[in-house]
Amino acid sequence: MTTSHYIAGRWVDGQGSECISVNDPALGQPFAELMAASAEQVDQAVAAARAALPAWKCTSAGERAAYLRGFAEQLGQRREALVTLQMRNNGKPRHEAEVDLDDAIATFGYYAELAEQLPGQNRDVPLAAPGFTARTRLEPVGVVGLIVPWNFPLVTSAWKLAPALAAGCTVVLKPSEVTPLCELAYGQIADTLGLPAGVLNIVNGKAETGAALSNHNGLDKLSFTGSNNVGSQVMRSAAAQCRPVTLELGGKSAILVFDDCDVDAAVQWIVAGICWNAGQMCSATSRLLVQDGIADALLPRLQAALENLRVGSPLSEEADMGPLTSQAQWLRVAGYFATAREEGLQCLVGGKVLDRGGWFVSPTLYADVPEGSRLWNEEIFGPVLCARRFASEQQAIAEANDSRFGLVATVCTTDLARAERVADALEVGHVWINSVQAVFVETSWGGTKGSGIGRELGPWGLSGYQSVKHVTRCLG
Ligand code: NAD
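Cut-offs applied
- Residues numbered from 1 in each chain as written.
- Predicted model: local features only at pLDDT ≥ 70, side-chain atom pairs only at ≥ 80, totals over all residues.
- Heavy atoms only, no water.
- Helix = DSSP H or I, 4+ residues; strand = E, 2+ residues; numbered from the N terminus.
- Rg over C-alpha atoms; globule rule 2.2 N^0.38 Å.
- Contact = heavy atoms within 4.5 Å.
- Areas by Shrake-Rupley, 256 points an atom, 1.4 Å probe, with all protein chains shown as cover.
- UniProt positions renumbered as here; feature names shortened; annotations may be inferred.
- Pairing = 2+ DSSP bridges.
- Axes fitted to C-alpha atoms, helices over the stretch in contact; angles between N-to-C directions.
- Core = buried A, V, L, I, M, F, W, Y, C linked by side-chain atoms within 4.5 Å.
- Buried < 20%, exposed > 50% of the residue type's maximum accessible area, 1.4 Å probe, protein only.
- Domains from an automatic or database assignment.
- Salt bridge = Lys/Arg side-chain N within 4 Å of Asp/Glu carboxyl O.
- Polar contact = N/O pair within 3.5 Å; in protein donor to acceptor, adjacent residues only side chain to side chain.
- Nonpolar A, V, L, I, M, F, W, Y, C, P; charged D, E, K, R; others polar.

Topic: the overall build of the protein
- When helices and strands are counted, the protein shows 16 helices and 21 strands.
- In terms of overall size, the protein behaves like a compact globule, its C-alpha atoms giving a radius of gyration of 23 Å where 476 residues would be expected to give roughly 23 Å.
- Seen through its principal axes, the protein has C-alpha atoms that stretch 75 × 60 × 40 Å.
- In the protein, the share of contacts with a sequence separation of at least 24, taken over all contacts with a separation of at least 6, comes to 72%.
- Surface exposure of the protein reaches about 18400 Å², of which carbon and sulfur atoms provide 52%.

Notes on the UniProt feature "active site" (unreviewed entry) in the protein
- On the UniProt side, "active site" (unreviewed entry) is annotated at positions that read Glu248 here.
- Turning to its location among the elements, Glu248 is positioned in strand S10 (residues 245-248).
- In contact with Glu248, not counting residues within four places along its chain, are Lys160, Phe224, Thr225, Gly226, Trp445, Gly446, Gly447, Ser451, Gly454, Arg455 and Glu456.

Quick look at the sheet that holds strand S15 (residues 384-390)
- The seven strands lie next to each other as S13-S14-S15-S12-S11-S17-S18, forming an open sheet whose pairing is mixed. A strand with exactly one partner marks an edge of an open sheet, and here the two such strands are strand S13 (346-349) and strand S18 (430-433). Recorded for the sheet is a direction-independent mean angle of 25° between the axes of neighbouring strands.
- Along the sheet face, helix H10 (residues 263-275) touches strand S11 (254-257), strand S12 (287-291), S15 and strand S17 (408-412) and points at about 175° away from the line of S11.
- Each of S11, S12, S17 and S18 touches helix H15 (residues 416-425); the most contacted strand, S18, lies at about 165° to it.

Considering the nonpolar core
- Phe108, Tyr186, Val257, Leu288, Leu298 and Leu302 are the most contacted members of the largest nonpolar core, which has 128 residues in total.
- Once residues lying within four places of it in the same chain are set aside, the contact partners of Leu288 are Ile255, Val257, Ile270, Leu298, Leu299, Leu302, Trp376, Leu385, Cys386, Ala387 and Arg388.
- Ranked by size, the runner-up nonpolar core spans 21 residues in total, among them Ile7, Phe224, Val245 and Leu247.

Things to note about the UniProt feature "domain: Aldehyde dehydrogenase" (unreviewed entry) in the protein
- Within this numbering scheme, the UniProt entry marks residues 11-471 as carrying the feature "domain: Aldehyde dehydrogenase" (unreviewed entry).
- With 43% helix and 20% strand, residues 11-471 has end C-alpha atoms that lie 42 Å from one another.

Here's the deal with the domain arrangement of the protein
- One can read the domain layout of the protein as domain 1 (5-249 + 451-474) and domain 2 (254-433).
- Taken over C-alpha atoms, the centre of domain 1 sits 31 Å from the centre of domain 2.
- Facing the 24 residues of domain 1 at the interface are 29 residues of domain 2.
- Between the two partners, domain 1 and domain 2, sit zero salt bridges.
- Between the two partners, domain 1 and domain 2, sit eight residue pairs in polar contact (both at pLDDT 80 or more).
- Looking at the side of domain 1 that touches domain 2, the elements that each hand over two or more residues are helix H3 (79-90) and helix H4 (94-116).
- Among the elements that take part in the side of domain 1 that touches domain 2, H4 stands out by supplying four residues, more than any other.
- Partitioned by chemical class, the residues of the side of domain 1 that touches domain 2 number 10 nonpolar, 10 polar and four charged.

Here it is as structure tokens:
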């Protein structure tokens, strides 16, 4: 990939002032660099998307579905290159990089199917009033800006791109400066498939480029995934222009383990919920709530499981967990280890960075963390688990809900009536019962409270890129 931006169907070099280093986190060293897009190039990308919109929104749902199937197929054909790139740039172990690729493929396949069903969404509306007919027409929102983070680059972009293109929108995608190469594959695929120029544009860059896009007055909508801090800036610029915004933000999610749970299964779910992607998941279940009756059996086994986790380079087949993806994230997690020491937290495992050249940290468990602790309340975005004990179901629900976030939760119990009852009481967007981090394209993704606005995936993901029009006719 010699050029790093895809604008109006052409590959171009960045003309911005900032240089982006692309790093290998296992070595802590750069392996590529590129120049960011300038504000003028963001302008050109939005103009190209605007110019492509009239023709693209008039393509048949079948044509758009065919392009989406093409994306799915082409991702599959690039499997080894994309898996390797995610291992190298994100630090993901191979099996995790493969899951991401399969998720992106499934997303394009799913929205191809939904695109085919679009004509059926335009239907007559029965009216109680006589003398009128009415019909619904679902139209694309228009030109959409898509800004994404670095933790699941292929996936997060697929969750936005596929429904936006299915709905008939044209887009400008800005990947994260930490992982700017992965999503260029979507531009290459657009080239291969002969997607009309301007339907998909990709501009790489840092905050400056993101701000140039989110402030641009040529957009009809912005969909953002990332931190709460940047999310609120993006929301302010959307407010200034009175245009819609979807926000997928942070989380501080709970995993609730009840007394009747199978201890070994619970340990597996807890470890996966905090160590997958080295804990760099908005949906990490980083608050463990464990019932009094099982805590003494569970905590030592959890401690052993975390101690036995093999942390290493993703290139080693043996690594269960790779490094953190960026130096900034590594320093941030190290900062939380220091805070934990200042707060006097009881550390059962880890609590330190690893001296290996790359950006590695050890899986970490703090026990009996006070509810006022910063580590209990703030999103850390690393493999750092905080545990508290509870006595009753009501207490567990109250503690899980006592958060400014509301993204996900996991409930572990063999009492299925209780599981469903607790799931209903949790103030989050997605609950897993006796499973962990299982996201299916048919279900929704998104949070309540400070975790965001709107939903991705499923039909809800598509409707985020649709505008509802009604045509009402007087028969008289
Ligand atoms: P971030 O907010 O720093 O960056 C996200 C994107 O915004 C990047 O592309 C970045 O370049 C861009 N950006 C930065 N400043 C900007 C500005 N002023 N205007 C416009 N764009 C700007 O987040 P991150 O560090 O890349 O990702 C980690 C965060 O993302 C965590 O908080 C995590 O919880 C969240 N996240 C949420 C979900 C979800 O689905 N809810 C999924 C993944 C990550």
